[in-house]
Amino acid sequence: MAGRYRTPMSTEYFDQLWHRRAILSAMAALAVAPAIPVDAGARIMTDPFALGVASGDPSQDGFVIWTRLVGPGQEPLDAAAVALRYEVAGDASFRRIFRAGSAVAHPERAHAVHVEIEGLPPGRRYWYRFHALGATSPAGRAATVPRTADRLRLAVTSCQHWEQAQFGVYRDIVAADPDLIVQLGDYIYEQSYPDQPKVRLFGAAEPKDLDGYRRRHALYKSDPELQAAHRAAPWIVTWDDHEVLNDYANLANREGLPPELFGRRRAAAYRAYFEHMPIRPSLWSNGNAPHLYRALDWADLVSMSVLDTRQYRTAPPCAAPNMARNVRLHGCAEVDRPDRSMLGGAQEQWLTARLAGEYRPWTLIAQQIFFAPLYLDGARSETFSDQWDAYAAARARLLDRLAGPSIQNPFVLSGDVHSFWVNELRRADREAAIGAEIVTSALGAASPPAGRFGDVHANNPHVRHSDVDHAGYVLIDLDRRQMQADMRAIADRASVDSPVRSARCFVSERGSRRISLA
């Protein structure tokens, strides 16, 4: 690495950073580590942890912890591989260390580090931190899943546009002290909108290559409110379209680029996404086909299936080759074709098997886009091409599975449309509800244009609530008896200090398969 960062670390320096147990653990880890050309004595005069820390994907015995080392001005680190240490403790003062070890931050991975922690006692909170380049990171808080559970609190978020909003909503999330934060996509936005007011600027062109996407993620990670939320609780994440390009579907895209060209851009965006998210490295060991759909269950209380509705979906119906845009469909017969899939064959089979074996009282499907029908202008054939309406047969198959005898209380969690919704899920118009969909608004982004969804309630009797004016998130509490969903709205998305209030609250009693105003 560059000579200006080099300085030897003395024994006294290490003694200041780690207590004796951590030193012994780190030495043991180094003793069995493979020979890798790293600069263990490197040092930097600025904060290498300026992008923060994060944890995610908890299990009964562990979780993932993440950080990325950066150089001055949060620029990519001018360094070869860098040695790093981590600690996981049972208290915020790091007096009781459960795990301590070493890792290597590689330049080809943007000096991002993902450590899968295992072998911890279940059902408790932990604190973690990193040490590298003569610095210590902020401490983050993680948790293991309990063996049995009587409650779970989720903060569900989506859609955060850097230029259109401050991220002050995260203050309310941190204050709510959730067990998990579930992010349903559009974590970053690749594009600017010239016609929308801006509260701050990207300061760079639209990303189209690996360096561009890395810089966009780093910009987001520099936000102090977002950093605080990552430190506060484990995250469960999945992507939507803006992590790559608006409205893309598999390799079809709004620019009509051929698959070989768009595939390179998508691969760069996927790689940058995984580099910056607290996701288990085993999911993206195959860089050409990263695997994001997965199960993240909470003990014997909640089943959560996290889906990927972008990477595998069939190309949009009634569209030109290689084209994908969110347009109104009118009389497009292709939407009903049974061979059309939103999830792809492998993911659909995986989800089918999970739902068939369900035994927990609450079944959550965490995914990105509007799931229930959304009819426009009074016409049952008038829908949007980028939603599940364009994959009607695939939706019907999933509804059949959610109606199965093993499912007690199914809920689909969605985002994307920058507005709050609660929708009853039915297999036919006159059939009783088999579950519900809860759609969170944008955490920080502009509201949809006026009239975009037509006369919602006249055209869609299954819609129980819609609020197209407010940004925010949904706070969900589940216990053995009921589920409560609190739609938390921010008054002024341009102000980081703006208050957040409860706009509407809904409740579902266990076994009812229905949702109602609390």
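Up top you'll find the structure we're talking about.
What counts and what doesn't
- Residues numbered from 1 in each chain as written.
- Predicted model: local features only at pLDDT ≥ 70, side-chain atom pairs only at ≥ 80, totals over all residues.
- Heavy atoms only, no water.
- Salt bridge = Lys/Arg side-chain N within 4 Å of Asp/Glu carboxyl O.
- Helix = DSSP H or I, 4+ residues; strand = E, 2+ residues; numbered from the N terminus.
- Disulfide = S-S within 2.5 Å.
- Buried < 20%, exposed > 50% of the residue type's maximum accessible area, 1.4 Å probe, protein only.
- Axes fitted to C-alpha atoms, helices over the stretch in contact; angles between N-to-C directions.
- Parallel < 35°, antiparallel > 145°, perpendicular 65-115°, else oblique.
- Left-handed = near helix turned anticlockwise from the far one by under 90°.
- Contact = heavy atoms within 4.5 Å.
- Nonpolar A, V, L, I, M, F, W, Y, C, P; charged D, E, K, R; others polar.
- Pairing = 2+ DSSP bridges.
- Polar contact = N/O pair within 3.5 Å; in protein donor to acceptor, adjacent residues only side chain to side chain.

Participant: Residue-level account of the pattern of salt bridges, with values.
Facilitator: The tally for this structure, following the rule as stated, stands at 39 salt bridges. Put simply, arginine 153 and aspartate 477 hold a salt bridge, and the shortest N to O gap is 2.8 Å. Placement of arginine 153 in strand β9 (residues 151–157) and of aspartate 477 in strand β21 (residues 472–479) is noted, with a sequence separation of 324 residues between them. The partner of arginine 354 in a salt bridge is aspartate 297, and the shortest N-O contact between them spans 2.8 Å. Here aspartate 297 lies in the loop between β12 (294–295) and β13 (302–306) and arginine 354 lies in helix α7 (residues 345–356), a separation of 57 residues in the sequence. Overlapping salt bridges bring together Asp240, Asp241, Arg310, Arg313 and Asp386 as one network.

Participant: Describe the state of the cysteines, with residues and values.
Facilitator: When the sulfur atoms of two cysteines share a covalent bond, that bond is a disulfide. For the structure shown, the criterion picks out one disulfide. For cysteine 318, the disulfide goes to cysteine 332, at an S-S distance of 2.0 Å. Between cysteine 318 and cysteine 332 the sulfur-sulfur dihedral comes to about 95°; the bridge is accordingly right-handed. Taken together, the positions of cysteine 318 in the loop between β13 and β14 (328–330) and cysteine 332 in the loop between β14 and α7 put the pair 14 residues apart, joining distant regions of the chain. Overall, the relative accessible area of 9% leaves cysteine 332 in the buried class.

Participant: Please set out the packing of α7 against helix α8 (residues 392–402) residue by residue, giving values where relevant.
Facilitator: Contact pair α7 / α8: the axes reach a minimum separation of 10 Å and the direction vectors enclose 15°. Between α7 and α8, the angle falls in the class roughly parallel. Between α7 and α8 lies a crossing whose hand is left-handed. Taken together, the residues of α8 that come into contact with α7 (itself represented by Glu348, Leu351, Thr352 and Leu355) are Arg397, Leu398, Arg401 and Leu402. When grouped by side-chain class, the residues that make up the contact of α7 with α8 number four nonpolar, one polar and three charged.

Participant: Which residues make up the sheet that holds β13, and what values go with them?
Facilitator: Spatial strand order, β12-β13-β15-β17-β19-β18-β20: seven strands in an open sheet with mixed pairing. Looking along the sheet, the strands with just one partner apiece sit at the ends: β12 and β20 (463–467). Of the strand pairs in this sheet, strand β17 (residues 410–414) and strand β19 (residues 435–439) are connected by four bridges, and their pairing is parallel. In the sheet register, phenylalanine 411 faces β19, and the bridge partner there is alanine 436.

Participant: I'd like a description of the side chain of glutamine 347, backed by residues and values.
Facilitator: Locating glutamine 347 in the fold gives a position in helix α7. Overall, the relative accessible area of 1% leaves glutamine 347 in the buried class. Here leucine 343 takes part through its backbone oxygen, which lies 2.9 Å from a polar atom of the side chain of glutamine 347. Residues within four places of glutamine 347 in sequence aside, it is in contact with Tyr293, Leu307, Asp308 and Tyr312.

Participant: Provide a residue-level description of unusual backbone geometry, including the pertinent values.
Facilitator: For residues besides glycine, phi is generally negative; the peptide bonds are generally trans as well. Although it is not a glycine, aspartate 177 sits at a positive phi angle of roughly 55°. For aspartate 177, a relative accessible area of 33% translates into the label partly exposed. Phi is positive for aspartate 247, close to 75°, though the residue is something other than glycine. As for its position among the elements, aspartate 247 is in the loop between β11 (235–237) and α6 (259–276). Accessibility expressed as a relative area gives 8% for aspartate 247, which makes it buried.

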